[in-house]
Amino acid sequence: MEKIKEYPNGEISVVWKPELCQHAGICVKMLPKVYNPKARPWITVENASTPKLKEQVSKCPSGALTYYELKS
């Protein structure tokens, strides 16, 4: 069964699929205040705006990070 973790911010939910992660580090380099591998939870979506999160997630090379819009 595939592991999936979700991190909502009220506008979008960032989805992380750890089994797909290639540990390229682009997420940590682009948004170090959001992605901290040493913290639990390691993703803190509140530390970036929704546009910044979307921009970063779109650059994930493995597809381990995705997002979807939350309905208001």
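Residues numbered from 1 in each chain as written. Predicted model: local features only at pLDDT ≥ 70, side-chain atom pairs only at ≥ 80, totals over all residues. Heavy atoms only, no water.

1. A short note on the environment of L70
Here's step 1: Note on placement: L70 falls in the segment after β3 (65-69).
Here's step 2: Separated by 38 residues in sequence, L70 and P32 have C-alpha atoms that sit 24 Å apart.
Here's step 3: Discounting chain neighbours no more than four positions away, the residues touching L70 are P8, G10, E11, I12 and S13. (Helix = DSSP H or I, 4+ residues; strand = E, 2+ residues; numbered from the N terminus. Contact = heavy atoms within 4.5 Å.)

2. Here's the deal with the environment of P18
Here's step 1: One can find P18 in the loop between β2 (12-16) and α1 (26-30).
Here's step 2: Judged by relative accessible area, P18 falls into the partly exposed class, the value being 23%.
Here's step 3: Between the C-alpha atom of P18 and that of S72, which follows or precedes it by 54 residues, the distance is 28 Å. (Buried < 20%, exposed > 50% of the residue type's maximum accessible area, 1.4 Å probe, protein only.)

3. Points about the pairing of strand β1 (residues 5-8)
Here's step 1: Here β1 pairs with β2 via 4 bridges, running antiparallel. Within β2, the residue paired with K5 across the bridge is W16.
Here's step 2: Between β1 and β2, which pair antiparallel one after the other, the connecting turn spans 3 residues, and G10 there sits at a positive phi close to 100°. (Pairing = 2+ DSSP bridges.)

4. Brief notes about the UniProt feature "domain: Divergent 4Fe-4S mono-cluster" (unreviewed entry) in the protein chain
Here's step 1: UniProt's feature table lists "domain: Divergent 4Fe-4S mono-cluster" (unreviewed entry) at residues 7-69, given in the numbering used throughout.
Here's step 2: Across residues 7-69, helical content stands at 21% and strand content at 19%; the span's end C-alpha atoms are separated by 12 Å. (UniProt positions renumbered as here; feature names shortened; annotations may be inferred.)

5. So, helix α2 (residues 50-57)
Here's step 1: Taken together, the buried positions of α2 are occupied by T50, L53, Q56 and V57. With its buried residues spanning 130° around the axis, α2 presents them on a single face.
Here's step 2: Against β2, α1 and β3 lie the buried residues of α2. (Arc of directions from axis to C-beta.)

6. Description of unusual backbone geometry
Here's step 1: In this model, R40 is joined to P41 through a cis peptide bond whose omega is -5°.
Here's step 2: Structurally, P41 can be placed in the loop between α1 and α2.
Here's step 3: Positive phi values are uncommon outside glycine, yet H23 reaches one of about 55°.

7. Focus: the nonpolar core
In a soluble, globular protein the nonpolar side chains are often hidden away together inside.
Here's step 1: Counting residues in hydrophobic clusters, the biggest one holds 17 residues, and the most contacted among them are V14, Y35, I43, L53 and L65.
Here's step 2: At the level of secondary structure, the elements contributing two or more residues to this core comprise β2 and α2.
Here's step 3: If you tally residues by element for this core, the top one is β2, at 3 residues.
Here's step 4: For L65, the contacting residues outside a window of four places in its chain are V14, V15, W16, C27, Y35, I43, Q56, V57 and C60. (Core = buried A, V, L, I, M, F, W, Y, C linked by side-chain atoms within 4.5 Å.)

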